[in-house]
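For reference, the chains in residue letters:
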Amino acid sequence: MPVRLDHTVVNSSDRFVAARFFAELIGAPEPAVNGPFAAVVVENGVTIDYADHFIPRDQIQMQHLAYHVSDEEFDAIHARVVEKGLEYWADPYHKRSGELNTMHGGRGFYVNDPDGHNLEFFTRTAA
């Protein structure tokens with residue numbers, strides 16, 4: 001059997017606030033309770049499990065989570081970001097505010113979640 005990512009845990013100050021933020025951006029259903037986690041299901045059954053009990057709030061370290069999406073999904077996610085009035089950037093260093101990038105012949109941007117995790121959405125991958 002090939003290796004396949006099943007889930008990952010993202011530390012947060014409030015698991016449901018963070019999970020709902022992400023679910024709303026991607027147009028996913030309400031996060032599900034999965035034991036001590038708030039789980040958002042993405043493609044192929046992979047879950048992003050938000051936790052608020054592993055690390056004290058003041059010690060949460062930023063994570064970079066990158067999501068390869070279709071052009072249609074990208075347009076919808078970007079529209080939700082704009083509608084919410086969220087700041088977004090064309091680069092991971094947050095130097096080019098309000099811009100999209102054109103890496104690898106596609107489009108992409110970065111936005112922070114409520115805990116400062118750097119979420120990247122892009123339409124073309126280098127792989």
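No experiment lies behind these values; they were computed from the predicted model shown.

> Sorry, what's going on with the environment of F54 here?
Looking at where F54 falls in the secondary structure, it is placed in the loop between β4 (47-51) and β5 (64-68). Spatially, the C-alpha atom of F54 lies 24 Å from that of R4, the residues being 50 residues apart in sequence. Other than its neighbours up to four places away in sequence, F54 contacts V9, N11 and F37.

> Got a minute to help me understand helix α2 (residues 71-84) in this structure?
Helical periodicity: at 3.6 residues per turn, an α-helix aligns residues three or four positions apart in one direction. The end-to-end C-alpha distance of α2 is 20 Å, a good match for the 20 Å that 14 residues give at a rise of 1.5 Å each. Regarding α2, the residues found buried are F74, I77, H78 and V81. Each buried residue of α2 sits inside an arc of 100° when the element is viewed along its axis, so together they form one side. Exposed and oriented more than 90 degrees from the buried face of α2 are E72 and E83. Next to the buried residues of α2 lie α1 (15-26), β6 (88-89), β7 (108-112) and β8 (118-122). Just downstream of α2 lies G85, where phi reads positive at about 75°.

Cut-offs used in this document
- Residues numbered from 1 in each chain as written.
- Predicted model: local features only at pLDDT ≥ 70, side-chain atom pairs only at ≥ 80, totals over all residues.
- Heavy atoms only, no water.
- Helix = DSSP H or I, 4+ residues; strand = E, 2+ residues; numbered from the N terminus.
- Contact = heavy atoms within 4.5 Å.
- Expected span 1.5 Å × (residues − 1).
- Buried < 20%, exposed > 50% of the residue type's maximum accessible area, 1.4 Å probe, protein only.
- Arc of directions from axis to C-beta.

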